[in-house]
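Notes for the structure review
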Amino acid sequence: MTSTHAFWLAGRQATGESDFDVTSPWDGTTVGTVSLPTDAQVEEAVAAAYAVRDEFAATPAHVRAAALDHVSRRLTERAEEIARLISVENGKPIKWARGEVGRAVSVFRFAAEEARRFNGGEAQRLDTDAGGQGRLALTRRFPKGVVLGIAPFNFPLNLCAHKIAPAIAAGAPIILKPAPATPLSGLILGELLAETELPAGSWSILPVPNDRMPALVQDERLPVISFTGSETVGYAIMDSVPRKHCTLELGGNGAAVVLADWASDEDLDRAAARIATFSNYQGGQSCISVQRVIADAAVYDRLLPRIVAAVEAQVTGDPNDDATDVGPLVSEAAAERVETWVREAVDAGAKLLTGGKRDGASYAPTVLTELPADTTLAHEEVFGPVLSVQKVAGEAEAFAAVNDSKYGLQAGVFTHDLQAAFRAHRALEVGGVVVGDVPSYRADQMPYGGAKQSGVGREGVRFAMDDYTYERVLVLTGLAL
């Protein structure tokens, strides 16, 4: 569909000395050719970002906001083209790719709005004690320095947007490393940013391979690291740079709880439809996809066949087809891993109700029950179209089952009981509780992140801006307050 040989170095196009092909997970065709930056070019980008950091921090808010507005507008204008690009490089069904573009449009719009109102300063009078008479403290936020953003493959446009847009809004230079499997969407953002008047060096997009990432991580000129990806890699990064500021958005094994009061036929049909959709959207390759369903015994027997039927109704196939709900995983190796985990679970005694079949990089939407607690599927993130359904006796047991995980990203709770909703909010060890829906809901302006092994820090435009900056106090003396 497309071909590009350039990457973006300090705001300009550049080419390296070697190329690599980006292939479609669906049919293996080459969809783009990307140039790899040399070590010298990476050094140039880092040096430029470091050199411009003070200038960029002082850039007027309207300049940064105008650039962000421009990207948002241009994403809208090129929405179908970019959605097709996401679909071919990632294997994401086109309907979900269009939704991802729409979210990225919003991310840049939110960032433009935040750039205009961020860092207005908070005044605090200090004469509440005698020693502070005539003094006023003004607190403002300033960038911690250059941000290294490391983005994953599963949302190749929007998660790049979540690295870039808050950094620009806050006045922090950023170097973005897109995922090697899906660099084209991130490079499109470079095309759009290059149309703006942001200072040279304030951003670069470098598709370096993973084996060259440690040098960037270790570079002292990049004091902030924002990483989205696997738990293993994320914590290895943090452990390797203990004095840097790291935001880690890691894994999850999202639970959807269905309580006893969610009991009408309409309720159960809706829960089953939402669970089926969001255990399989993006091929299950989302940190907040539904992996576990925890259903009260009062509704379990009526809910389970509805879930199976709704999962079997998911349309699998060509991601370029508007009717497709579930496309391939990002690679055949990823599908083989899912296949291995499901086979292990079935061999250990889990009941396979539907799915369980692989075809190349595609894996059929799968439902299991009676999943043994010591299987890999029971405690790790599957990152594929697989869910298990568990019966529990009451709310307390349901909440305990959610918390029986090393992860704590988001949870969904299907209930009409407002008191139960607040009890869930207090009891569940997660970064977000979604009431009346699955854990897969994310609004890009809200704080997003997890507890336990799901990471540290928060994304969501303003919250990422807070993460990229620190408070600095100005004390004014001799004032007539």
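Here's what I pulled together on the structure shown here. Everything numeric in this text was worked out from a predicted model, so none of it was measured.

**Some details on helix H11 (residues 332–347)**
Compared with an ideal rise of 1.5 Å per residue, which puts 16 residues at 22 Å, H11 spans 22 Å between its outermost C-alpha atoms and is within 8% of the ideal. Along H11, the residues classified as buried are Ala 334, Ala 335, Val 338, Glu 339, Trp 341, Val 342 and Ala 345. One face of H11 carries all of its buried residues, which in axial projection span an arc of 165°. For H11, the exposed residues lying more than 90 degrees away from the buried face are Ala 333 and Asp 347. Structurally, H11 contributes buried residues whose contacts are with strand E15 (358–359), strand E16 (362–363), strand E17 (366–369), helix H12 (376–379) and strand E18 (386–392). Residue Gly 349 follows H11 closely and has a positive phi angle near 120°.

**Notes on the sheet that holds strand E6 (residues 136–143)**
The strand order across the open sheet formed by three strands is E5-E6-E24, and the pairing between neighbours is antiparallel. Two strands lie at the open edges of the sheet, namely strand E5 (122–125) and strand E24 (469–476), each paired on one side alone. Here the strands of the sheet are splayed against their neighbours by 30° on average, with no regard to which way each runs. Pairing geometry for E6 and E24, over eight bridges, is antiparallel. If you follow Thr 139 over to E24, its bridge partner there is Val 473.

**Here's the deal with the nonpolar core**
In terms of nonpolar packing, the biggest core is built from 80 residues, with Leu 68, Leu 75, Phe 108, Ile 164, Leu 189 and Ile 225 touching the most fellow members. Not counting residues within four places of it along the chain, the set of residues in contact with Leu 75 comprises Ile 82, Val 101, Ala 104, Val 105, Phe 108, Leu 157, Leu 189 and Leu 192. Listed in part, the 33 residues of the second largest apolar core include Leu 268, Val 293, Phe 383 and Phe 414.

**Looking at the pairing of strand E12 (residues 255–258)**
Side-chain alternation along E12 places Ala 255 and Val 257 on one buried face and Ala 256 and Val 258 on a second face that is also buried. Once you follow E12 into helix H9 (residues 265–280) and on to strand E13 (residues 292–296), the crossover reads as right-handed. As judged from the four bridges shared by E12 and strand E20 (residues 410–414), these two strands associate in the parallel manner. By the bridge assignment for E20, Val 258 is matched with Phe 414.

**Side note on helix H1 (residues 39–57)**
In this model H1 runs 27 Å from its N-terminal to its C-terminal C-alpha over 19 residues, within 8% of the 27 Å that 1.5 Å per residue would give. At Ala 51, H1 is bent by approximately 40°, the largest bend along its length. Looking at H1, one finds that the buried residues are Gln 41, Val 42, Ala 45, Val 46, Ala 49, Val 52 and Phe 56.

**Structural notes on the pairing of strand E7 (residues 147–150)**
The two faces of E7 match: Val 147 and Gly 149 on one face and Leu 148 and Ile 150 on the other face are all buried. Examined bridge by bridge, E7 and strand E8 (residues 174–177) share four bridges and lie parallel to one another. Looking across to E8, one finds that Gly 149 is bridged to Leu 176. For the crossover that starts at E7, traverses helix H5 (residues 158–170) and ends in the parallel E8, the hand is right-handed. Relative to strand E10 (residues 224–228), E7 runs parallel, the two sharing four bridges. Looking across to E10, one finds that Leu 148 is bridged to Ile 225.

Rules used in this analysis
Residues numbered from 1 in each chain as written. Predicted model: local features only at pLDDT ≥ 70, side-chain atom pairs only at ≥ 80, totals over all residues. Heavy atoms only, no water. Helix = DSSP H or I, 4+ residues; strand = E, 2+ residues; numbered from the N terminus. Expected span 1.5 Å × (residues − 1). Buried < 20%, exposed > 50% of the residue type's maximum accessible area, 1.4 Å probe, protein only. Arc of directions from axis to C-beta. Contact = heavy atoms within 4.5 Å. Pairing = 2+ DSSP bridges. Axes fitted to C-alpha atoms, helices over the stretch in contact; angles between N-to-C directions. Core = buried A, V, L, I, M, F, W, Y, C linked by side-chain atoms within 4.5 Å. Right-handed = clockwise from strand over helix to strand, strands pointing away. Bend = angle between axes of the 7 residues up to and from the residue.

Everything listed here is a matter of coordinates, which is why it stays silent on function.
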